[in-house]
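Geometric and topological summary
Single-letter residue listing:
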Amino acid sequence: MAKNKRKIGIHEAYYNDPIKADLELFGRETDSSRRGFLRKSSLIAMAAIVGSNIPFADKMPSGLIPAALANSQEPFKIEGKEGLIYLNDRPVNAETPPHLLNDEFTQAKYMFIRNNGIPPKKSEIDLENWTLEISGESCKKPMKFSINELKKKFKHYTYALQLECGGNGRSEYNPPAKGNQWTTGAVACGRWTGVRLKDVLEYCGIKKDAVYIGYYGADKHLSGDLSKEPISRGAPISKALENESLIAWAYEGENIPLYNGYPLRLVMGGWPASVSGKWLNKIVIRNKVHDGKKMAGQSYRVPCNTVAPGTKVADADMCIIESMPVKSLITFPKSGIKHDLNKKFKFNGKAWAGDLEVKQMEVSIDFGATWKKVKKLDKPINRLAWQTWYATLKFPKKGYYEVWARATDSNNKKQPTILPGWNPRGYLNNACHRIAVQVV
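The notes below deal with the structure included here. Note that the coordinates shown come from a computational prediction; the quantities given were computed from them, not determined experimentally.

Taken in spatial order, the 5 strands line up as S19-S26-S25-S21-S22 in an open sheet, and their pairing is mixed. The strands lining the two open edges of the sheet, one partner per strand, are strand S19 (337-339) and strand S22 (372-373). By the bridge criterion, 6 bridges tie strand S21 (residues 358-364) to strand S25 (residues 399-409) in an arrangement that is antiparallel. In the strand pairing of S25, glutamine 360 is matched with threonine 408.

Have a look at this one:
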């Protein structure tokens, strides 16, 4: 079963970095007098939280928890986000409980956060002057585009695209692997709007020797050293030229949330979300595999051949992760519910399979000894979108049950009922999801 994650409370947030907590909780920035300057929208937000207007807000010292919240043990929130479980705050990484993924399309407020560096502040983002550079050894005509130019020059497309962190499920591996200890919630699927990456690349010209693209973003390295990149990954040119690979500016009809890449990002569904660069300001067309930060070594790589748990694997024997494996979640109901023996148990969830489709869903109540096909499995709304499934069953008698779900992809690969092959970084855990049900 999934392990419980420690939530970060408001006191810990202020203890770790009071100035940062001010900014992330309330949008309060420190001025030269050491006072916390609140923009109008932030002032309204803080007033709503404390229950009244704040007459002397301009005199409030920076890094100070409002007294109305001083005894609160509630986890802190990031503007525009709700219900997430925070794994750490430097950089901010947070996952989504499965029951908040039950909507057909993940609401922006529930989309997981996976950052490697420090995102730009909203106050630092100038939409009118934000530019995207296209260059690289295999680019015929290097160019720069403003966001408005992208919108005017190229046709707009909207696709529902599933993104999942390569390390989703890492917490279950043993021996433990380093990195964020995700359980199941580093995944989302929603409708992204933008222009096709291939249209922009072809406009600038792609040389015959092109094999890869790489991206750069406006996020800063955790050290604050501007000469260092927090992350700069990419994908083969074939993936970049797929119809569904987007340069996006909107999610679910609104601006992309700041922590998910506002104002511009790449979206390449079905592959590790790390290839979908956020705060996008540069794309390079390469004549070799991109060599940016977190492309080499063991980052986002797994052993080319299976290894025993705990094995040390040389960098040369690690292969880059591409299409993600088949996987599913039970998103309704929440784990741990009680259910009346005399009633049918209705439940549902999501399933996805990297570049492929899910062709079959099965469920089990006897710890995987037997399986039953689900009542209904929807087709994806478009390629690289997840699929919703629905199931109904009857429990034979009262007691504790685990309801398991298992997906099969269009190449007939099934989710494993136990952990898949171990790897040093804890990637690609696609073991069956389970929920607990007490039948009374």
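The rest of the description comes next.
With that out of the way, let us pick up empty space enclosed by the protein. One pass over the full model with this rule turns up 3 cavities of 30 Å³ or more. The calculated volume of the largest cavity comes to roughly 260 Å³. What lines the largest cavity is a set of 28 residues, and nearest its centre among them are Arg114, Arg265, Ala273, Ser276 and Lys278. Counting only elements with at least two residues in the lining of the largest cavity, the list comes to strand S5 (113-114), strand S8 (156-164), strand S9 (187-196) and strand S10 (212-217). Here the lining of the largest cavity takes 4 residues from S9, the largest share from any one element. For the lining of the largest cavity, the class distribution of residues is 15 nonpolar, 9 polar and 4 charged. Size it by volume and the second largest cavity reaches roughly 50 Å³.

This part takes up the packing of aromatic side chains. Counting across every chain of the model gives 13 aromatic pairs. Ring plane angle 85 degrees and centroid distance 5.8 Å describe the contact between phenylalanine 347 and tryptophan 389, whose orientation is recorded as edge-to-face. Residue phenylalanine 347 is found in strand S20 (residues 345-352), and its partner tryptophan 389 is found in strand S24 (residues 387-393); the two are separated by 42 residues along the sequence. In this structure, phenylalanine 347 and tryptophan 389 share a single accessibility class: buried. An aromatic cluster is present here, built from Phe345, Phe347, Trp389, Phe395 and Tyr401 joined pairwise through their rings. Lying across the ring of tyrosine 203, lysine 141 places its NZ or CZ 5.9 Å from the centre.

Another aspect to go through is the state of the cysteines. For the coordinates displayed, the defined rule picks out 1 disulfide. With a sulfur-sulfur separation of 2.0 Å, cysteine 304 is cross-linked through a disulfide to cysteine 319. The disulfide joining cysteine 304 to cysteine 319 has a torsion of about 105 degrees about its S-S bond and is therefore right-handed. Linking cysteine 304 in the loop between strand S16 (301-303) and strand S17 (318-320) with cysteine 319 in strand S17, this pair joins segments that are 15 residues apart in sequence. Note on cysteine 319: relative accessible area 34%, which makes it partly exposed.

Procedures and definitions
Residues numbered from 1 in each chain as written. Predicted model: local features only at pLDDT ≥ 70, side-chain atom pairs only at ≥ 80, totals over all residues. Heavy atoms only, no water. Pairing = 2+ DSSP bridges. Helix = DSSP H or I, 4+ residues; strand = E, 2+ residues; numbered from the N terminus. 1 Å grid on protein atoms, 1.4 Å probe; cavity = no way out; pocket = protein on both sides within 12 Å on 5 of 7 lines; lining within 4 Å. Points joined across faces, edges and corners; volume = space filled by probe spheres on them. Nonpolar A, V, L, I, M, F, W, Y, C, P; charged D, E, K, R; others polar. Phe/Tyr/Trp six-rings, centres within 6.5 Å; stacked < 30°, edge-to-face > 60°. Buried < 20%, exposed > 50% of the residue type's maximum accessible area, 1.4 Å probe, protein only. Lys NZ or Arg CZ within 6 Å of the ring centre and 35° of its normal. Disulfide = S-S within 2.5 Å.

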